[in-house]
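# Inside the fold
Each chain, letter by letter, is given below.
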Amino acid sequence: MSSVNLMAREVAAKIVFYGPGLSGKTTSLRKIYETVRPAHRGEMMSIATEGDRTLFFDFLPVKVERVGDCSVRLALYTVPGQVFYNATRKLVLQGADGVVFVADSQPEAMDANRESLANLEENLFEHGIRLDRFPLVMQWNKRDLDHVLPVEQLRQELNPRGVPDFETAATNGRGVLDTLKAITRLVIKDLRAKRIVPPPRPVAPAGGAQPAGLEAQLAQHLQHRQPPVAMSGGHAPAMAVVPNTPVPHRPSGSFPAIAPPPRVEPVTPPPVAPAVLAPAVVAQPAGPKLLGAASALAPGDLFDHARAAEAAFMAGNYSTCVTACTDAIRRALAYAGEGTLAQQAFLLRMDGADLLRVQGLSTQSHLRVDDAAFALYVLMQSFARLNAVGLPASE
């Protein structure tokens, strides 16, 4: 599932928090969201009931600054813990690069822990993956409660492989970031073994010591809260370095404190006839992208429609995004059977006011980013209702 941009040296990986209902998966993601600097996190999306049970997923894209000389972006998901949402769990698990299994440390939850772990192994196997060869970290949650099971018993019952495990209390965040660091290290190691992550490029030795290793980079990213320094914009004239002028080495991600600048002279570009000028074409790197929130929930027949809506949103084509969402919503409601759009929405228990608003947006010519985001939200709502009632029925 991971995508790699070799030109930009950027890797995107998907990590899923798995476990029984009410074990603390969503609370763990919320604590990570509160800790990560706003500039390095996306929006946290969640679909939950009044009882605060995540029905489908939470999705939190988090940017980790560097791993070696590669930039890494994590997409963190959770799945519903309830057994009757297994189709959604299987869907969200598709394309995962690693799993954090969040176990409830209370004695009465042991059966649910075993059942969820067996379900994880079964669902991975259906995706062609063996759990014993997959990046996995165990999170013993709710250690702040009284009368919890000893860690040794949890390990004996749920961790016979001896994968990394951590005692956590998601409500106050204790141990949650350590779990994230551990699964990230395992995922990167696995991607390197599969030759998905390129090896580090050789770097000339620098004068000062630089932070090294994934753990140091994650600690710096998650704990350093100072806002980034804003760089002034503008266009500078073309400059050329005069030959035989030494250029000081600048380590990646840092600036020399004291270094004489190289002697430069302005270069005057040759005149170009107007007829020669042509619009510049910027090549965009191609490659697989992370599964978006809407496409993660989409039925197979509507997957391409959801991806098209997400692609239009990311490209800033908000009118196209709303149009694609409106069409996909209409197709999704058609699974409820024949009848008017209002009748189909009623059968699926969709919010009629939301549908009317999306239909109104589709007739407008000038749309904003929040309009397109709302259309994507209603699209996900329609997919969520289909999943809830078991539509479309599998053959």
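Everything discussed here concerns the structure shown above.
Structure report, in brief. (Residues numbered from 1 in each chain as written. Predicted model: local features only at pLDDT ≥ 70, side-chain atom pairs only at ≥ 80, totals over all residues. Heavy atoms only, no water.)

## Quick look at the packing of helix α2 (residues 86-93) against helix α3 (residues 110-126)
Taken N-terminus to C-terminus, the directions of α2 and α3 make an angle of 55°; their axes are 10 Å apart at the nearest point. Here α3 runs oblique to α2, going by the angle between their axes. Viewed along their axes, α2 and α3 form a crossing whose handedness is right-handed. Touching Asn86, Arg89, Lys90 and Leu93 of α2 are Ser116, Asn119, Leu120, Asn123, Leu124 and Glu126, all from α3. Looking at the contact of α2 with α3, its residues break down into three nonpolar, four polar and three charged. (Axes fitted to C-alpha atoms, helices over the stretch in contact; angles between N-to-C directions. Helix = DSSP H or I, 4+ residues; strand = E, 2+ residues; numbered from the N terminus. Parallel < 35°, antiparallel > 145°, perpendicular 65-115°, else oblique. Left-handed = near helix turned anticlockwise from the far one by under 90°. Contact = heavy atoms within 4.5 Å. Nonpolar A, V, L, I, M, F, W, Y, C, P; charged D, E, K, R; others polar.)

## Structural notes on the nonpolar core
By size, the foremost hydrophobic cluster in this structure holds 32 residues, and its most contacted members are Leu379 and Phe383. Among the elements of the structure, α7 (293-297), α8 (303-314), α9 (318-333), α11 (352-361) and α12 (369-389) are those that each provide at least two residues to this core. With nine residues, α12 is the largest single contributor of residues to this core. Each residue touching Leu379, except ones within four places of it in the same chain, is listed here: Ala294, Ala306, Ala309, Cys325, Ala328 and Ile329. Counting 28 residues, the second-largest nonpolar core is a separate cluster that includes Leu120, Leu136, Trp140 and Leu149. (Core = buried A, V, L, I, M, F, W, Y, C linked by side-chain atoms within 4.5 Å. Buried < 20%, exposed > 50% of the residue type's maximum accessible area, 1.4 Å probe, protein only.)

## Observations regarding the environment of Val151
Within the secondary structure, Val151 is located in helix α4 (residues 151-158). Overall, the relative accessible area of 9% leaves Val151 in the buried class. Each C-alpha atom, one on Val151 and one on Glu167, is 8.0 Å from the other, the two residues being 16 residues apart in sequence. With residues up to four places along the chain from it excluded, the contact list for Val151 reads Trp140, Arg143 and Glu167.

## Notes on the packing of aromatic side chains
Going through the model one piece at a time under the given rule, you end up with two aromatic pairs. Summarising the aromatic geometry, the rings of Phe374 and Tyr377 are spaced 6.0 Å apart at their centres and angled 45° between planes, so their arrangement reads as tilted. Residue Phe374 and its partner Tyr377 are both found in helix α12; the two are separated by three residues, about one turn of the helix. For Phe374, a relative accessible area of 13% gives the class buried. Residue class for Tyr377 comes out partly exposed when judged on its relative accessible area of 42%. (Phe/Tyr/Trp six-rings, centres within 6.5 Å; stacked < 30°, edge-to-face > 60°.)

## A word on the pattern of salt bridges
Under the defined criterion, the tally for this structure stands at 14 salt bridges. Here Lys142 ties to Asp104 by a salt bridge, and the two come within 2.9 Å at their closest N and O atoms. Of this pair, Lys142 sits in the loop between β7 (136-141) and α4 while Asp104 sits in strand β6 (residues 98-104), and the two are 38 residues apart along the sequence. Residue Lys142 is classed as buried on the basis of its relative accessible area of 18%. With its nearest N and O atoms 3.3 Å apart, the salt bridge here joins Arg143 to Glu167. Remark: Glu167 occurs in strand β8 (residues 165-167) and Arg143 occurs in the loop between β7 and α4; sequence separation between them is 24 residues. Among the residues examined, Arg143 registers a relative accessible area of 14% and is labelled buried. The exposure class assigned to Glu167 is partly exposed, which follows from its relative accessible area of 41%. A cluster of three or more residues bridged by salt bridges with shared partners is formed by Asp111, Arg114 and Glu157. (Salt bridge = Lys/Arg side-chain N within 4 Å of Asp/Glu carboxyl O.)

## What to know about the side chain of Asn123
Position of Asn123 relative to the elements: it lies in helix α3. For Asn123, a relative accessible area of 0% corresponds to the buried category. In this structure the side chain of Asn123 is engaged in a polar contact, spanning 3.0 Å, whose partner is the side chain of Tyr18. The contacts of Asn123, once residues within four sequence positions are left out, are Tyr18, Asn86, Arg89, Lys90 and Leu93. (Polar contact = N/O pair within 3.5 Å; in protein donor to acceptor, adjacent residues only side chain to side chain.)

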